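# Observations on the three-dimensional arrangement
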Amino acid sequence: MDKEAGKKAIVEYLTKKAKSKSKFYLKDFYEVIPEEKPRDVKNLVNEMVKDGTLEYWSSGSTTMIGLKGTGKQAAAEDEA
Amino acid sequence: MAKHATPLLDQLESGPWPSWVSDIKQEAETRAKNVNGIEYQIPVDVCEDVLGLMELTYVQKRTHWKHGGIVGVFGYGGGVIGRYCDQPQQFPGVAHFHTVRVSQPAGKYYSTKYLKDICDLWERRGSGLTNMHGSTGDIIFIGTTTPQLEEIFFELTHNLNQDLGGSGSNLRTPSDCIGSSRCEYSCYDTQALCHALTVDYQDELHRPAFPYKFKFKFDGCPNCCVASIARSDMSFIGTWKDDIRIDQKAVQAYIGGELKPNAGAHASRDWGKFDIAKEVLNLCPTKCMWMDGGKLVIDNKECTRCMHCINVMPRGLRIGQETGLSILVGAKAPILDGAQMGSLLVPFIKVEEPYDEIKEVIEGVWDWWMEEGKNRERLGELIKRQGFQKLLEVTNIEAMPQHVQEPRHNPYIFWREDEVEGGFEREITEFRKHHQR
């Protein structure tokens with residue numbers, strides 16, 4: 001699968017799930033493009049963060065990844 | 001007059017030990033006075049609000065911190081840990097109170113100028129409170145606001161030649177002992193290896209790659225000053241292959257009392273005359289040393305490199321000359337599934353630039369863990385789940401006696417079906433002819 005198709009598959013998957021879930025483990029992305037090696041998926045996901053499609057969420061110990069702008073955003077974190 | 005009354009916290013200051021409450025109060029006072037005219041970029045009363053919030057937590061016995069978030073610096077998946085307070089109206093100074101992890105230099109060697117510079121930066125753009133150092137080894141900046149994060153990162157990288165450390169599902173900031181820079185026990189240059197791997201694995205350090213955290217730690221000898229064997233997923237411990245070097249004259253000087261045992265570390269009290277049998281020979285875990293007519297003899301093949309004899313008589317005994325390191329894997333703290341110590345994977349490996357042999361082991365382990373590890377599963381837990389034998393398979397390492405902790409304790413070598421003639425199927429009627437049920 002080429003890069004662009006991989007990115008498209010990831011965005012489609014996240015958009016489909018967006019109603020119930022906004023943050024995903026890196027491992028969830030392996031299942032979206034199972035034909036790619038984990039290391040390549042990791043590189044693709046990180047590239048998508050760089051180009052602003054995805055964003056990281058971190059608890060400090062675990063990192064999750066979601067579509068940029070979905071779920072609670074930094075500006076709203078201090079609101080109840 | 002303090003902004004918030006904190007009677008419960010004040011009580012903590014009454015003990016004989018130094019108190020973090022006093023430290024925070026001191027910083028609060030310094031910020032309020034601001035004799036150096038610092039242009040504070042976050043609320044001046046941040047430290048007072050920390051104390052107020054903490055007092056409320058003690059009173060109510062519930063936390064008011066919200067942990068985690070999407071804050072960070074662009075392109076980095078780690079280094080910043082979001083923290084917010086759930087009572088921002090009452091404590092506006094700590095409405096945002098993010099933590100920043102700063103990568104410590106190898107061996108934690110600092111110049112005073114560097115320390116002053118990072119403290120100045122943190123006074124101006126953060127709370128001024130630091131943790132030197134966090135458990136993983138980073139310098140921890142405690143408490144700043146979201147708009148300051150990119151500014152801090154810019155100043156660190158452009159003015160102080162300093163990077164952020166690791167957090168989240170990343171390679172965490174590798175940490176090491178001072179190694180051969182100051183320690184004669186060091187079996188390899190811990191700082192060189194720690195620095196080289198930190199530079200080589202920048203991507204893993206800053207961009208989430210793994211199911212969970214992953215820690216490297218480098219100890220120059222089995223004294224394990226950074227406790228790598230207990231705290232790191234992959235621990236690199238210096239060791240040697242040949243014999244412990246003995247200076248019989250110096251050994252006699254210890255026996256005769258001319259040299260102080262443990263380099264005088266326990267000399268503040270009179271422990272009586274040094275007794276080599278009681279203090280060294282009988283404490284050897286494998287009983288591999290004895291005195292033969294006034295000469296110390298070591299059966300080196302039985303030595304487990306516990307370092308005790310060398311620590312007691314450093315002038316009499318020295319590490320061997322054929323040095324390298326052992327790699328242990330799977331140690332972790334008890335967040336899930338209990339604490340674990342590292343298991344020996346590679347008994348001996350030479351430490352030679354560009355460290356290709358070491359990297360081959362690292363990357364074999366990573367590929368397996370990235371593919372097979374469950375979310376939030378540490379390497380040690382995966383080894384337990386799939387077996388040590390599987391780890392040997394993925395790293396192409398032959399099973400060897402050193403892998404066995406003790407006989408019949410951790411058997412992990414099993415026959416595979418393809419290694420057994422005829423496989424695991426058998427003709428039961430043929431079997432029953434010779435064996436009754």
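Residues numbered from 1 in each chain as written. Chains lettered and ligands numbered in written order. Predicted model: local features only at pLDDT ≥ 70, side-chain atom pairs only at ≥ 80, totals over all residues. Heavy atoms only, no water.

### Focus: the overall build of chain A
When its secondary structure is counted, chain A shows 3 helices and 2 strands. Tracing chain A from N to C terminus, the helices and strands come up as α-α-α-β-β. Each principal axis of the C-alpha distribution contributes one length, and for chain A these read about 45 × 25 × 20 Å. Within chain A, the fraction of its 80 residues that count as buried is 46%. Within chain A, residue pairs in contact and separated by at least 24 positions form 47% of the contacts whose partners lie at least 6 positions apart. Of the accessible surface of chain A, which amounts to about 4,200 Å², a share of 54% is contributed by carbon and sulfur atoms. Chain A carries 15 positive and 14 negative side-chain charges, and their two centres are separated by 3 Å. (Helix = DSSP H or I, 4+ residues; strand = E, 2+ residues; numbered from the N terminus. Buried < 20%, exposed > 50% of the residue type's maximum accessible area, 1.4 Å probe, protein only. Contact = heavy atoms within 4.5 Å. Areas by Shrake-Rupley, 256 points an atom, 1.4 Å probe, with all protein chains shown as cover. Lys, Arg positive; Asp, Glu negative; His and termini not counted. Charge placed at Lys NZ, Arg CZ, Asp CG, Glu CD.)

### What about the overall build of chain B?
If you tally the helices and strands in chain B, you get 15 helices and 15 strands. Overall, the C-alpha framework of chain B stretches about 85 × 70 × 45 Å when taken along its three principal axes. Taken over 437 residues, chain B has a buried fraction of 48%. Partitioning the contacts of chain B with sequence separation of at least 6, the portion at a separation of at least 24 is 63%. Carbon and sulfur atoms make up 51% of the accessible area of chain B, which amounts to about 22,500 Å² in all. Across chain B, the 49 positively charged side chains and the 60 negatively charged ones have centroids separated by 5 Å.

### Here's the deal with the environment of Glu155(B)
All names here are of chain B. As for its position among the elements, Glu-155 is in helix 5 (residues 148–159). Spatially, the C-alpha atom of Glu-155 lies 8.0 Å from that of Leu-121, the residues being 34 residues apart in sequence. Those residues in contact with Glu-155, other than ones at most four positions away along the chain, are Leu-121, Arg-124, Arg-125 and Leu-160.

### Some thoughts on the interface of chain B and chain A
Taken together, the contact pairs 37 residues of chain B with 28 residues of chain A. Summing both partners gives a buried area of about 2,800 Å² for chain B against chain A, and 50% of it is carried by carbon and sulfur. The largest per-residue losses of area from chain B upon contact with chain A belong to Ile70(B), Met370(B) and Asn375(B), which jointly make up 24% of the total buried on that side. Linking chain B with chain A are 4 salt bridges. A salt bridge links Arg39(A) to Glu204(B); the shortest N-O distance between them is 3.6 Å. At the level of elements, strand 1 (65–67), helix 7 (202–206) and helix 12 (356–372) of chain B are the ones that each hand at least two residues to the side of chain B that touches chain A. (Buried area = accessible area lost by both parts, 1.4 Å probe. Salt bridge = Lys/Arg side-chain N within 4 Å of Asp/Glu carboxyl O.)

### Things to note about the sheet that holds strand 8 (residues 216–219) of chain B
Residue and element names in this part refer to chain B. Strand order in the open sheet formed by 5 strands is 7-8-9-14-15, and the pairing between neighbours is mixed. Edge strands, defined here as strands with exactly one partner in the open sheet, are strand 7 (175–176) and strand 15 (343–349). As defined by bridge partners, strand 8 adjoins strand 9 (residues 234–240) across 4 bridges and the pair is classed as parallel. From the neighbouring strand, Asp-219 faces strand 9, where its bridge partner is Ile-237. (Pairing = 2+ DSSP bridges.)

### Notes on a negative patch on the surface
Taken together, the side chains of Glu352(B), Asp356(B), Glu357(B) and Glu360(B) present a region of like negative charge at the surface. Among the secondary structure elements, Asp356(B) is positioned in helix 12. (Patch = residues over 30% accessible without salt bridge, like charges linked within 9 Å, V, L, I, M, F, W, Y side chains within 5 Å.)

### What to know about the pattern of salt bridges
By the definition in use, this model includes 27 salt bridges over all chains. When the shortest N-O distance is used, the salt bridge between Glu13(B) and Lys25(B) registers 2.6 Å. Of this pair, Glu13(B) sits in the loop between helix 1 (7–12) and helix 2 (20–33) while Lys25(B) sits in helix 2; the two residues are 12 residues apart in sequence, bridging distant segments of the chain. In this structure, Arg416(B) engages Asp418(B) in a salt bridge whose closest nitrogen and oxygen atoms are separated by 3.8 Å. Residue classification places Arg416(B) among the partly exposed residues on the basis of a relative accessible area of 36%. Of the residues examined, Asp418(B) reaches a relative accessible area of 67% and is grouped as exposed. Among the charged side chains, a salt-bridge network with shared partners connects Arg39(A), Lys42(A), Asp203(B), Glu204(B), Arg207(B) and Asp367(B).

### Description of the domain arrangement of chain B
If you check the domain split of chain B, you get domain 1 (7–159), domain 2 (175–241 + 322–418) and domain 3 (245–318). Its C-alpha centre places domain 1 of chain B at a distance of 47 Å from the equivalent point of domain 3 of chain B. (Domains from an automatic or database assignment.)

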